[in-house]
Amino acid sequence: MESAAVPAAPDPTLHPPLEQLRHLAGELRELLPGVRVGEAQETTKEFDREAFWRRLNEAAVTVSREATTLTVAFSRLPLPSPQETQRFCEQVHAAIKAIIAVYSLFPKDQGITLRKLVRSATLDIVDDMAQLVEALYINPAQSPENLIPYNSVWDACQHVPQIPRDNKAAALSVLTKSVDLVKDAHEEMEQAVEECDPYCGLLNDIEEDGSDSHVGEEDILGCPNNRDSYWSEEDQELIIPCLALARASKACLKKIRLSVAENGKKDQVAQLDDIVDISDEISPSVDDLALSIYPPVCPLTVRISSAKLVSVLKKALEITKASHVTPQPEDSWIPLLINAVDHCMNRIKELTQNEVES
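Cut-offs and rules
- Residues numbered from 1 in each chain as written.
- Predicted model: local features only at pLDDT ≥ 70, side-chain atom pairs only at ≥ 80, totals over all residues.
- Heavy atoms only, no water.
- Core = buried A, V, L, I, M, F, W, Y, C linked by side-chain atoms within 4.5 Å.
- Buried < 20%, exposed > 50% of the residue type's maximum accessible area, 1.4 Å probe, protein only.
- Helix = DSSP H or I, 4+ residues; strand = E, 2+ residues; numbered from the N terminus.
- Axes fitted to C-alpha atoms, helices over the stretch in contact; angles between N-to-C directions.
- Parallel < 35°, antiparallel > 145°, perpendicular 65-115°, else oblique.
- Contact = heavy atoms within 4.5 Å.
- Nonpolar A, V, L, I, M, F, W, Y, C, P; charged D, E, K, R; others polar.
- Salt bridge = Lys/Arg side-chain N within 4 Å of Asp/Glu carboxyl O.
- 1 Å grid on protein atoms, 1.4 Å probe; cavity = no way out; pocket = protein on both sides within 12 Å on 5 of 7 lines; lining within 4 Å.
- Points joined across faces, edges and corners; volume = space filled by probe spheres on them.
- pLDDT = per-residue confidence, 0-100.
- Lys, Arg positive; Asp, Glu negative; His and termini not counted.
- Phe/Tyr/Trp six-rings, centres within 6.5 Å; stacked < 30°, edge-to-face > 60°.
- Disulfide = S-S within 2.5 Å.
- Polar contact = N/O pair within 3.5 Å; in protein donor to acceptor, adjacent residues only side chain to side chain.

(A) Geometry of the nonpolar core. By size, the foremost hydrophobic cluster in this structure holds 46 residues, and its most contacted members are Leu245, Val260, Ile282, Val286, Leu309, Leu313 and Leu317. Among the secondary structure elements, those contributing two or more residues to this core are α6 (167-195), α8 (233-263), α9 (269-279), α10 (282-292), α11 (299-322) and α12 (333-357). If one sorts the elements of this core by residue count, α8 sits on top with eleven residues.

Following this line, the structure appears as structure tokens:
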């Protein structure tokens, strides 16, 4: 009669399960810098677009599956054994390394804009997986908090099939986001001006909190005699061309996006990248201008912010004009927008000239 098989003895060199998870989280974090700055892997083979997207989608599915397996395993008692944990960790690490390897195969000549979107999606997956692993070793076994990072991993993986498939589509995606950001900034500026009180909500809260106190009116932010909390007549006059400049910024981005949509060619990746790169600078510049008009207003700061925005806008329009998306460079919309931008800047210069001379 054969003797029963003796189960393998536990490996004394393995760390406890939660310690292994902590180590895995650190390893995943160490992969992030390489994804952020890594160059495309050089190859002599012709890029197979369909094969790349198929492999990237499959890699994302694998990561999602491993995230589910790991979460289920560490969401109940007893926790997995050190041997089981080692296997889970190896599978997660392999899945993350695999999707990074697929991303590294995407060549720059397919479009920098598109490559950035693929990189961003890859970074989200790696970072979210690291957060999930961290959550599992900090709060193991039936912790509802673990569902949040798990859902983040799942959402990041589900986003992969939605990534644009060519550089023109990627450019339109980025330009649309820029248009929305500038639109929001412009609307916030207009709302503040219409209310004639940039800190209305904040001031009301302070007044309510201090209703039973003995603080004097002159000490409360929001009183009419506190110039730091409201616009003077000179400020309001200066804000008018600033609003017009923000509105012109929105118009520029919308026209650029429309030109790319109607005339952009998928194979003109470098020109599309140039348009996106300069257009990406418009939204942050509008934000800087919006911040500069809040009390206490420094006219010189407003002038500097406006000049920076105007420089970006005119450069974006010139690059667009010189590209294939403007088949008729003499098209009237570009000179009209340049004139509108110059008019706003000239008015801002007039209203801030005293600050420059003082």
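(B) Seen up close, the packing of α6 against α9. It is the contact of α6 with α9, at a shortest axis distance of 10 Å, that shows an interaxial angle of 10°. Here α6 is positioned roughly parallel relative to α9, judged by the angle of their axes. Residues Asn167, Lys168, Ala171, Val174, Leu175 and Ser178 of α6 touch α9, and the partners they reach there are Val269, Leu272, Asp273, Val276 and Ser279. Here the residues of the contact of α6 with α9 are counted per class, giving six nonpolar, three polar and two charged.

(C) Geometry of the pattern of salt bridges. One pass over the structure, following the stated rule, counts ten salt bridges. Here Lys116 and Asp277 are joined by a salt bridge, their closest N and O atoms 3.7 Å apart. On the criterion of sequence distance, the pair formed by Lys116 in helix α4 (residues 112-138) and Asp277 in helix α9 is long-range, its members being 161 residues apart. A salt bridge links Glu190 to Arg247; its shortest N-O distance comes to 3.9 Å. Placement of Glu190 in helix α6 and of Arg247 in helix α8 is noted, with a sequence separation of 57 residues between them. Each of Arg29, Asp127 and Glu134 takes part in a single network of salt bridges with overlapping partners.

(D) Expanded view of the layout of surface pockets. Counted as a void, the largest pocket has a volume near 400 Å³. As for the largest pocket, its lining consists of 20 residues, of which Leu117, Ser120, Ser173, Val174 and Lys177 are closest to the centre. The biggest single contributor to the lining of the largest pocket is α4, with six residues. When its residues are assigned to classes, the lining of the largest pocket shows eight nonpolar, seven polar and five charged.

(E) Just the confidence of the model for the chain, in detail. For the chain, mean pLDDT is 88; residues scoring 70 or higher make up 85% of the total. Of all helices and strands in the chain, the one with the weakest mean pLDDT is helix α7 (residues 200-209) (46), whereas α9 scores best (98). Considering only residues more than four positions removed or in separate chains, one finds that residues 1-8, a stretch of pLDDT under 50, has zero contacts. Counting interchain partners and residues more than four positions distant, the pLDDT-below-50 stretch residues 211-225 has 15 contacts.

(F) Expanded view of the environment of Pro161. Along the chain, Pro161 turns up in the loop between α5 (147-159) and α6. Residue class for Pro161 comes out partly exposed when judged on its relative accessible area of 46%. In the structure, Pro161 is positioned 108 residues away from Trp53 in sequence and 8.1 Å away in space, judged by C-alpha atoms.

(G) Here's a closer look at the side chain of Glu66. As for its placement among the helices and strands, Glu66 is situated in helix α2 (residues 49-73). Despite its burial, Glu66 pairs with no opposite charge, the nearest such side chain being Arg65 at 4.2 Å. Residues contacting Glu66, with those up to four places away along its chain left out, are Gln91, Val92 and Ala95.

(H) Spatial organisation of the packing of aromatic side chains. Summed over the entire model, instances satisfying the criterion amount to six aromatic pairs. Relative to Phe106, the ring of Phe52 has its centre 5.1 Å away and its plane inclined at 55°; by these criteria the two rings are tilted. A residue pair is termed long-range when its members are at least 10 positions apart, and Phe52 in helix α2 and Phe106 in the loop between α3 (82-103) and α4 qualify at 54 residues. Neither residue differs from the other here; Phe52 and Phe106 are each classed as buried.

(I) The arrangement of the packing of α3 against α4 in detail. Where α3 contacts α4, the two axes come as close as 10 Å, and the packing angle between them is 170°. The angle between α3 and α4 places the two elements in the roughly antiparallel class. Across from Val92, Ile96, Ile99, Ile100 and Tyr103 in α3, the residues of α4 making contact are Arg115, Val118, Arg119, Thr122, Ile125, Val126 and Met129. Tallied by class, residues from the contact of α3 with α4 come to nine nonpolar, one polar and two charged.

(J) Spotlight on the state of the cysteines. On inspection of all chains with the given rule, the structure shows zero disulfides. Considering cysteine sulfurs only, Cys344 is the nearest to Cys252, which forms no disulfide, with 9.9 Å between them.

(K) The arrangement of the side chain of Asp166 in detail. Note on placement: Asp166 falls in the loop between α5 and α6. With relative accessibility at 14%, the residue Asp166 sits in the buried group. Within the structure, the side chain of Asp166 is placed 2.8 Å from the backbone nitrogen of Ala169, a separation counted as a polar contact. Beyond its immediate sequence surroundings of up to four residues, Asp166 is in contact with Arg49, Leu114 and Lys266.

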